[in-house]
Amino acid sequence: MRRATRKYLPLAQAGVHAVLQYRATLLLQAVTAATATALHVFLWRAVYAEASRPPDIPLNSLTTYLVLAQVLALLHANRVDEMVAGEVYRGTIAVALLRPANYALTCLVANLPAAIIAAALAGGPVLSLFAVLTPLDRPTVPNLLLFTVAATLSVLLAFEVNFLVGLATFVTTNSWGIRMIKNGVVAFLAGQVVPLGLLPAGIAQVVRLLPFQGLIDGPLRLLLGTYRDAAGAAAILGVQAIWVLVLLGLSVLAWRGARRRIEVIGG
Amino acid sequence: MIAVVRRYLRLTVLLCGVSMHRLTAYRMDFAVGVASFVIRVGGQIALIGLVYRYVDDLAGWGYHQALFLLGFSLLSRALDRLFTDQLWILAWQLVRSGEFHRYLIRPVNPLYLLLSERFMYPEGIGELALGLAITLASAGALDLHLDVAQWLLFVPMVVCGAVIHASIKTLIASCSFWSVSSLPVLSAVHQLGEFGSYPLGLYHPALQAVLTWVLPFAFTAYIPARYLLFGAVDGLIWLLPVTAVAAAVAYGVFRIGVNRYEMTGS
């Protein structure tokens, strides 16, 4: 354990230092998240004001969902896909094979603490800003605890999804385009574009079986208490946990396959 | 003067041709680029569709009118993206890496040379096709009939919108001459441009003012679409002055930045 800490801790520290060094990036992450949130909040407030039969979720809950969806998205904005894709593209991935460290674990510790710090520093102010500007729901303590568990699982999910997308560079060299597609698909299926509860019931049911809802929609349903009963809450966490394990298995398989495919130009 | 214009037009046609060859060579890139836009715009359409399940009318705009606005906003964005995508690279790394000097040693305007490196960017073609499809489909559903003036102004309004987009991008990208990289600012401002795809009346008046007079995204879609759908000309008379001022400011800042640029020693 101590050896592992000694091996991986510096990587985590380096990642966090990089975040703290590029403060302008943090500020602009916050500005971007705040504008996206504002757009959605304005849009749905207008809907509630003008609709004869507004959605059956209270406006304050929906606003809380919209704001926290963007904050959670910051938490998931680890740069693992970019990092892995870049190493595959340049061929420096060969060096990773020589290091006496697990590659996936290296990516994890290099990116996750950094993403968490960035999310706290950029997302915290966004959350406070909207808490001042618009009324938000105050969650109950049990729901807050459930949310904490789900948010932790969501960070792992986000890592696995991005790791797999990064490895896809072995098959296609256009990693930028693939990442753009991933960003669009994930944002929609996670609930960042539209709260999944507002989708037509049939579609929502299907989307909620996919791994991506565990990134945003699942944790926020737990936080806002929009699940039916204890079993409903357990089901949300269960689906998340199953996907964390499935994607872990897929990542291991993909990495094995990728190692067999590696071809690096000598030089 | 005429000779200069003719020379640049000839160059543009030639360079667009070169880019088209690249597209046919890397067909997968093209497909991936187009697909990424279809998915993103699909999300926006889904959002509009969902919103209008609850209301018939939002800030005075119906469902098909909102779609028309979205489609029109894609047209000017697409035209901008087709010709100015290299500005992202300027904002990102051309100054940091010192590569920018490449654009200063050829007998063509540096800004033109910079942009020409990525003419006919594949995402732009996808966006343009998608924008046209959405605009035409929603115009058909609205049974929209344009009068002669509206037909004549349609393309110029898209062009002005594209010039405004390009000017804002040039201005922010030129900041990299001072700050080395301005990519985060550029993506934040680009994100702000998404507000332009929805009716402006939804937003707080302060935000409306910013989107009209500070970062004039309102002129790239909302004001032209309002003219085409409702015949409102009050904002439209400012379109040309705003475009001219935006372009002049952006080009001026770019020139000052270039004069300030120093190559890396390596």
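Residues numbered from 1 in each chain as written. Chains lettered and ligands numbered in written order. Predicted model: local features only at pLDDT ≥ 70, side-chain atom pairs only at ≥ 80, totals over all residues. Heavy atoms only, no water.

Q: I tried to follow the packing of helix H7 (residues 141-167) of chain A against helix H8 (residues 175-190) of chain A on my own but got confused; where do I start?
A: Helix-helix packing: each pair is described by the crossing angle between the helix axes and the interaxial distance. Residue and element names in this part refer to chain A. Where H7 meets H8, the closest approach of the two axes is 10 Å, and the angle between their N-to-C directions is 150°. On the basis of their axis angle, the class for H7 and H8 is roughly antiparallel. The chirality of how H7 crosses H8 is right-handed. From H7, Val161, Asn162 and Val165 reach across to H8, where they touch Ile178, Arg179, Lys182 and Val186. Of the residues contributing to the contact of H7 with H8, the split by class is four nonpolar, one polar and two charged. (Axes fitted to C-alpha atoms, helices over the stretch in contact; angles between N-to-C directions. Helix = DSSP H or I, 4+ residues; strand = E, 2+ residues; numbered from the N terminus. Parallel < 35°, antiparallel > 145°, perpendicular 65-115°, else oblique. Left-handed = near helix turned anticlockwise from the far one by under 90°. Contact = heavy atoms within 4.5 Å. Nonpolar A, V, L, I, M, F, W, Y, C, P; charged D, E, K, R; others polar.)

Q: Would you take a moment to explain unusual backbone geometry for this structure?
A: Residue and element names in this part refer to chain B. Its identity is not glycine, yet Ala59 carries a phi of approximately 50°, on the positive side. By the element assignment, Ala59 lies in the loop between helix H2 (27-54) and helix H3 (63-84). One non-glycine residue, Val180, lies in positive phi territory at about 75°. With a relative accessible area of 38%, Val180 lands in the partly exposed category. (Buried < 20%, exposed > 50% of the residue type's maximum accessible area, 1.4 Å probe, protein only.)

Q: Can you help me understand the interface of chain B and chain A in this one?
A: Frequently, the measure chosen for interface size is the accessible area that the parts lose on association. Every contact between the two is made by 30 residues of chain B and, on the other side, 34 residues of chain A. Seen at the junction of chain B and chain A, the total is zero salt bridges. Only H2 and helix H9 (183-192) of chain B provide two or more residues apiece to the side of chain B that touches chain A. Among the elements that take part in the side of chain B that touches chain A, H2 of chain B stands out by supplying 13 residues, more than any other. (Salt bridge = Lys/Arg side-chain N within 4 Å of Asp/Glu carboxyl O.)

Q: Help me out: how do you make sense of the environment of Asn109 of chain B in this one?
A: Residue and element names in this part refer to chain B. Here Asn109 lies in the loop between helix H4 (86-94) and helix H5 (110-116). The class for Asn109 is partly exposed, based on a relative accessible area of 23%. Sequence-wise, Asn109 and Phe217 are 108 residues apart; in three dimensions their C-alpha atoms are separated by 27 Å. Not counting residues within four places of it along the chain, the set of residues in contact with Asn109 comprises Tyr8, Tyr251 and Arg255. A polar contact is formed between the side chain of Asn109 and the backbone nitrogen of Leu111, at a distance of 2.8 Å. Separated by 2.8 Å, the side chains of Asn109 and Tyr251 make a polar contact. (Polar contact = N/O pair within 3.5 Å; in protein donor to acceptor, adjacent residues only side chain to side chain.)

Q: Even after reading the chapter, I still don't get the packing of aromatic side chains, so can you show me in this structure?
A: Two numbers describe a pair of aromatic rings. These are the distance of the centres and the angle of the planes. Residues and elements named next belong to chain B. Per the stated rule, a full pass over the model turns up 22 aromatic pairs over all chains. Between Phe83 and Phe119, the ring centres sit 5.2 Å apart and the planes meet at 75°, which makes this aromatic pair edge-to-face. Within this pair, whereas Phe83 is found in helix H3, its partner Phe119 is found in the loop between H5 and helix H6 (122-142), the two being separated by 36 residues in sequence. Overall, Phe83 belongs to the partly exposed group, its relative accessible area being 25%. (Phe/Tyr/Trp six-rings, centres within 6.5 Å; stacked < 30°, edge-to-face > 60°.)

Q: Can you help me understand the nonpolar core in this one?
A: Ranked by size, the top nonpolar core spans 153 residues in total, and within it Trp44 and Leu220 of chain A together with Val51, Leu58, Leu90, Phe100 and Tyr203 of chain B carry the most contacts. Leave out the neighbours within four places in its chain, and Val51 of chain B touches Leu43, Trp44 and Val47 of chain A together with Leu58 of chain B. (Core = buried A, V, L, I, M, F, W, Y, C linked by side-chain atoms within 4.5 Å.)

Q: How do you make sense of helix H11 (residues 230-261) of chain A when you look at a structure like this?
A: Residues and elements named next belong to chain A. A rise of 1.5 Å per residue sets the reference length of H11, with its 32 residues, at 46 Å; its end C-alpha atoms lie 46 Å apart and thus fit the reference within 8%. For H11, the full list of buried residues reads Ala233, Ile236, Leu237, Gln240, Val244, Leu247, Ser251, Trp255 and Ala258. Where H11 is buried, its residues touch helix H5 (93-98), helix H6 (103-133), H7 and helix H10 (217-224). (Expected span 1.5 Å × (residues − 1).)

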